[in-house]
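For reference, the chains in residue letters:
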Amino acid sequence: MLNIQTTKLFWASCLALLVTSLSFGIRAGMMNQLGIDFQLNATQLGTITATAFWGFPLAIVIGGFIVDIIGMKRLLVMAFIFHLAGIVLTIFAQGYWTLFFSTLLIGIANGTVEAACNPLVATLYPNNKTTRLNYFHLWFPGGIVIGTLLVTFFVHLGLGWKIQVAMMLIPTLIYGYLFSKLDFPVTERVSSGYSNADMYKAVLSPLFIFMFICMFGTAITELFTGQWIGLLLKNVTDNAILLLTLTTGIMVIGRGFAEPVVHRLAPQGVLLLSAIFAAVGLYMLSTMTGNSIFFAAIIFGIGVCYFWPTMIGFVAENIPKSGALGLNLMGGAGMFAVSIYTIFMGSFYDSLIVKHLPSDATLDAYVKAPEQSAAALALANAKNLAGPEVLQATLTIPVILILAFSGLVIYMRGQKVKQAE
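Bear in mind that the values here come from a model prediction, so they are computed numbers and not experimental data.

Chemist: Please explain the overall build of the protein as it appears in this structure.
Modeler: The helix and strand inventory of the protein stands at 19 helices and zero strands. Here the C-alpha radius of gyration of the protein, 21 Å, is about what a compact globule of 421 residues would show, namely 22 Å. The principal-axis extent of the C-alpha atoms belonging to the protein is close to 70 × 45 × 35 Å. In the protein, of all internal contacts separated by at least 6 residues, the share reaching a separation of at least 24 is 85%. Of the roughly 17100 Å² of accessible surface on the protein, a fraction of 68% belongs to carbon and sulfur atoms. Each charge sign in the protein was given a centre, from 20 positive and 16 negative side chains, and these centres are 8 Å apart.

Set out below in structure tokens:
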């Protein structure tokens, strides 16, 4: 007889997600140092960052197709092995390619964690999915806060990025041990008796396809900005990495108080309000300077706070026949969009920097210029001007989302009226 320990499974899931987010927070904090240590330009750094976002959709989509067959436990053991390998390879990285492959492995591990844990949380709490998914996803910004604070603290102590990455081994080993000992339920779709045909029909429904496309925009708005905020605004404020900590701190608090918000506004209302705040916050981040930029970060944090878990929660509640595959296709769509956008924006950022340099300049020469030289100072000034321009280009995405989610609110209201009749 299976002994399903709901609370222990939930906390072990949170710990696995903590490792996922620590990898984001720590990498965001050490991007600049990696560029210096291995002489990498913004395009190369953008590709390394994007690699995590490739591994993630690959793993989460494959996981979505196989989780009902092999079970959530086996999937999480695989996540543990990938995390361990990726972290160790990062610590011993020798240059661009080892960083590329280690980041890919961590991305695959991160995707595998969500492929198993999103359906696990929905299965453990069938009557409170969106709220519980918000509580679970609280550990994503939570880990970013812990990661960025660790980076700031370790830099202050003069400890290198290798030790920062090694810190991730502690929660990895704990979650690996916990999951190996616990019993797992079958996924909700399997226990509800929905067939594979029901599942495929559900993921091809117009409402699912609409949410799938919207996931591109919500993920880019939240995760692209989060990963690049340190790099883009490094020259606008001395505490760019603390901007990320502040934004994600707001997200932790918001997700912790998700229950009254979700019950009051319903998932679609939460998404509309989020898009409005995100657009206003992004505009403020790209135009403000000095200490007022911290206020902009708070507004932006409120905006992106509920995006990811509420998108997944909406699908879990309103399209339950899509099962684990539906939830994981949503996550995969989000990360895939971020990976493509990050690569595109890496080269766009490089081109903006070149635009602000003297007309005969080559970026390579300026990147390799000695510190405090005239060329290095000119490069810093060019980055200072280019960063906010990247954020302004991204602003169109939440503006489109405001229109999309307004339509969703009206549609869901119509559905409610139909059901009442």
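Chemist: Before we go on, may I ask you to explain the environment of Leu243 in this structure?
Modeler: Examined against the element boundaries, Leu243 turns out to sit in helix α12 (residues 240-256). It is 7.6 Å that separates the C-alpha atoms of Leu243 and Ile229, two residues lying 14 residues apart in sequence.

Chemist: How should helix α15 (residues 307-318) be read in this particular structure?
Modeler: Side chains three or four residues apart in an α-helix point the same way, a direct result of the helix having 3.6 residues per turn. The end-to-end C-alpha distance of α15 is 16 Å, a good match for the 16 Å that twelve residues give at a rise of 1.5 Å each. With ten of its twelve residues buried, α15 lies for the most part within the structure. All of the buried residues in α15 are Phe307, Trp308, Pro309, Thr310, Met311, Ile312, Gly313, Phe314, Val315 and Ala316.

Chemist: Explanation requested: the nonpolar core in the structure shown.
Modeler: Nonpolar side chains in soluble globular proteins tend to be buried together. Core analysis: the biggest nonpolar cluster contains 111 residues, and Phe179, Leu285 and Phe405 have the highest contact counts within it. Counting 20 residues, the second-largest nonpolar core is a separate cluster that includes Leu22, Ile26, Leu40 and Ile91.

Chemist: So what exactly am I meant to see when it comes to the side chain of Thr20 here?
Modeler: Mapped onto the elements, Thr20 comes out in helix α1 (residues 6-37). Overall, Thr20 belongs to the buried group, its relative accessible area being 0%. Residues within four places of Thr20 in sequence aside, it is in contact with His83, Asn110, Val113 and Phe140.

Chemist: Would you explain the pattern of salt bridges in this entry?
Modeler: Opposite charge on two side chains allows them to pair when their charged atoms are near. The tally for this structure, following the rule as stated, stands at four salt bridges. The partner of Asp68 in a salt bridge is Arg189, with the nearest N and O atoms 2.8 Å apart. Separated by 121 residues along the polypeptide, Asp68 in helix α2 (residues 42-70) and Arg189 in helix α9 (residues 188-192) bring together distant segments of the chain. Of the residues examined, Asp68 reaches a relative accessible area of 22% and is grouped as partly exposed.

Chemist: In this structure, what is going on with the environment of Gln33? I would like to understand it.
Modeler: Along the chain, Gln33 turns up in helix α1. Overall, the relative accessible area of 35% leaves Gln33 in the partly exposed class. Between the C-alpha atom of Gln33 and that of Trp161, which follows or precedes it by 128 residues, the distance is 8.0 Å.

Chemist: Help me understand the state of the cysteines, please; the structure alone is not making it clear to me.
Modeler: Put plainly, two cysteines are in a disulfide when a covalent bond ties their sulfur atoms together. This structure, assessed with the given rule, holds zero disulfides. Among the cysteines around Cys117, which has no disulfide bond, Cys14 carries the closest sulfur, lying 8.3 Å off. Between Cys214, a free cysteine, and Cys305, which holds the nearest cysteine sulfur, the sulfur-to-sulfur gap is 18 Å.

Conventions used here
Numbers given to residues run from 1 along each chain, matching the order in which its sequence is written. Confidence filtering applies because this is a predicted model: local features only for residues at pLDDT of at least 70, side-chain atom pairs given and counted only at 80 or more, and all residues used for totals across whole chains, interfaces and linings. Derived side-chain values reflect all non-hydrogen atoms in the structure, with water molecules and hydrogen atoms excluded from consideration. Secondary structure elements are defined from DSSP: runs of H or I of at least 4 residues count as helices, runs of E of at least 2 residues count as strands, and each element is numbered from the N terminus. Throughout, the radius of gyration refers to the C-alpha atoms, and the reference size of a globule is 2.2 Å times the residue count to the power 0.38. Contacts are assigned to residue pairs with any non-hydrogen atoms lying within 4.5 Å of each other. For accessible areas, the Shrake-Rupley method is used with a probe of radius 1.4 Å. Any residue's cover is judged against the shown protein chains and nothing else. We treat Lys and Arg as the positive residues and Asp and Glu as the negative residues; His and chain ends play no part in the count. Taken as the charge location is NZ of Lys, CZ of Arg, CG of Asp or CD of Glu. Expected span of a helix: the number of residues minus one, times 1.5 Å. Type-normalised accessible area, obtained with a 1.4 Å probe on protein chains alone, sets the label of each residue: buried when under 20%, exposed when over 50%, and partly exposed for intermediate values. Nine residue types can take part in a nonpolar core, namely buried Ala, Val, Leu, Ile, Met, Phe, Trp, Tyr and Cys, and a core is a set of them joined through side-chain atoms within 4.5 Å. Salt bridge, as applied in this entry: a Lys or Arg side-chain nitrogen positioned within 4 Å of an Asp or Glu carboxyl oxygen. Two cysteine sulfurs form a disulfide in these notes if their separation is within 2.5 Å.

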